[in-house]
Amino acid sequence: MPIKRMWGGRFEEAGDQLVNQFNASINFDQEMAAEDIEGSLAHVKMLKETKILSAADADKITAGLEKLRERLTSEGLPFSIDNEDIHMNIEALLTEEIGPVAGKLHTGRSRNDQVATDLHLYVKKRLPIIIRELKKLQGELVDKAEANVETIMPGYTHMQHAQPISYGHYLMAYFQMFQRDVERFEFNQQHTDLSPLGAAALAGTTFPIDRQLSAKYLGFTEPYHNSLDAVSDRDFALEFLSNASILMMHLSRLCEELIYWCSYEFGYLELADSYSTGSSIMPQKKNPDMAELIRGKAGRVYGDLFGLLTTMKGLPLAYNKDMQEDKEGLFDAIKTVLPSIKIMTGMIATLQVNKDAMEHATHHDFSNATELADYLATKGIPFRKAHEIVGELVLKGLKTGTNLVDIPLEEYQKISPKINEDVYTVLQPKVAVERRNSYGGTGFEQVRQQIKIAKDILKSDK
């Protein structure tokens, strides 16, 4: 039997079954069932206040929607592909519940503004959750940094030993990255906190609706100022996906280094067993699979962003069916980002730091070369010349297996008689780190100051 569509009055033929399946979105937009009911409750409340619907009709519709919401929470609702999307499924279920009066619910609105409203509500509810989880991760980074202010490790550029740094300083770099992520998601709330409801299909409606009132009922700051923009805008979703992609990039960078630092070659860290896996064939293996999965999922979220960017790039105003493709990637990104943050928080909280291995690595390299160049500059040698001298010493040391601290004082004094025994103190990795007290540097006092500022940030957000 052909299905009678809610919009089918103008059509003589029923759609092909494959066409109907291809057209339907209920398989994924049922994710917004709670938001769809919430939007409808606000809409009918506004219709009652403005006397567009009688109090009796509005109250009956409201009671029916409340019953559907209760069923959704307790047992779930049965959705049918024949009703295409979440909006028509909810209306069909409401009609079963209260009869034909359910058809009055759609007065003064369209599925175009309805779906936009649902999506705004969906993102609006989840942004605070993501921000909260990010702050938990930041809190673990601060705690781990505070415990490792004076833990010395090699700092890297080009994955080559560069200069010794505090491990606490390293961790606080990621705190700052995630703080920018928090701020981006907070700004995202501004563009999500707008109500499309009442924009109708594209041009508004002839009914004397009150869009400010329905926006208030839904907890939005204000309605969109332009009805065309209201139904066609997906910038807030693109902002979310962009922010999520940058966040996943940050998580992926941290994962990359966790994977390095946990390897036998480095041995700086050890992940807890609960965040590692073994091998089905090699008994000795302890694999950082959670870090690898987060690193891999970054590409998945990038794909969600580029999918929606590509969908939106050529669309004329206002609504187009292409925009049905805005949801699956967004839902996927949210369901990818949240567990990724939580897993990372757990990994940071439980990882073990091998302080001896970190510091040992700074004693058998030339990462103190800059310290020697700076020292020579304080003795009156132009820095560029000092750089050249130290470079030659490093080259010689590499050939002879001699570190800078092993060079006899008389050899140093051939460079400049002003060089004294204190050069060996300057060349110690811990001293090198401790002395770097320029603002934001790796010096211990600077790291402690960064931690203090970070704690103030996290405290002010509570």
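Looking at an unreviewed UniProt entry, one finds the protein named Argininosuccinate lyase, with Limosilactobacillus albertensis as its source organism. Here the protein is described in UniProt, under the heading Catalytic activity (unreviewed entry), as follows: "2-(N(omega)-L-arginino)succinate = fumarate + L-arginine".

Asker: What is the right way to read the pattern of salt bridges from this model?
Answerer: Oppositely charged side chains can pair when the atoms bearing their charge come close. Following the criterion strictly, the structure yields 31 salt bridges and no others. Note that aspartate 326 and lysine 327 form a salt bridge whose closest N and O atoms lie 2.8 Å from each other. With a relative accessible area of 2%, aspartate 326 lands in the buried category. On the basis of relative accessible area, lysine 327 is assigned to the buried category, the value being 3%. Lysine 414 is the salt-bridge partner of glutamate 411, the closest N and O atoms lying 3.1 Å from each other.

Asker: I tried to follow the nonpolar core on my own but got confused; where do I start?
Answerer: Note on soluble globular proteins: their nonpolar side chains tend to be buried together. By size, the foremost hydrophobic cluster in this structure holds 80 residues, and its most contacted members are Tyr170, Phe178, Phe185, Phe240, Leu251 and Met344. Element by element, the count of residues in this core is highest for helix α10 (residues 235-261), at 14 residues. Here this core spans two domains, since at least three of its residues come from each of domain 2 (112-150 + 157-360) and domain 3 (363-460). If near-sequence neighbours (up to four positions away) are discounted, phenylalanine 185 is found in contact with Leu127, Ile130, Ile131, Leu134, Phe240, Asn243, Ala244 and Leu247. In terms of nonpolar packing, the next biggest core, distinct from the first, is built from 23 residues, Ala33, Ile37, Leu65 and Ile90 among them.

What counts as what
Every chain is numbered independently, its residues counted from 1 as its sequence is written. The model is predicted, so local features are restricted to residues of pLDDT at least 70 and side-chain atom pairs to those at 80 or more, both for listing and for counting; the totals for chains, interfaces and linings are taken over all residues. The basis for the side-chain values is all heavy atoms of the structure; hydrogens and waters are excluded. UniProt positions are given in the numbering used here, feature names are shortened, and annotations may be inferred rather than shown by experiment. The working definition used for a salt bridge is a side-chain nitrogen of Lys or Arg within 4 Å of a carboxyl oxygen of Asp or Glu. Here the term buried applies to any residue with accessible area under 20% of the maximum for its type, exposed to any over 50%, and partly exposed to those in between, with areas from a 1.4 Å probe on protein chains only. To form a nonpolar core, buried Ala, Val, Leu, Ile, Met, Phe, Trp, Tyr and Cys residues must be joined to one another through side-chain atoms within 4.5 Å. Starting at the N terminus, helices and strands are each numbered in turn, a helix being any DSSP run of H or I of at least four residues and a strand any DSSP run of E of at least two. Throughout, the edges of the domains are those of an automatic or database domain assignment. By the convention used here, residues are in contact when the closest approach between their heavy atoms is within 4.5 Å.

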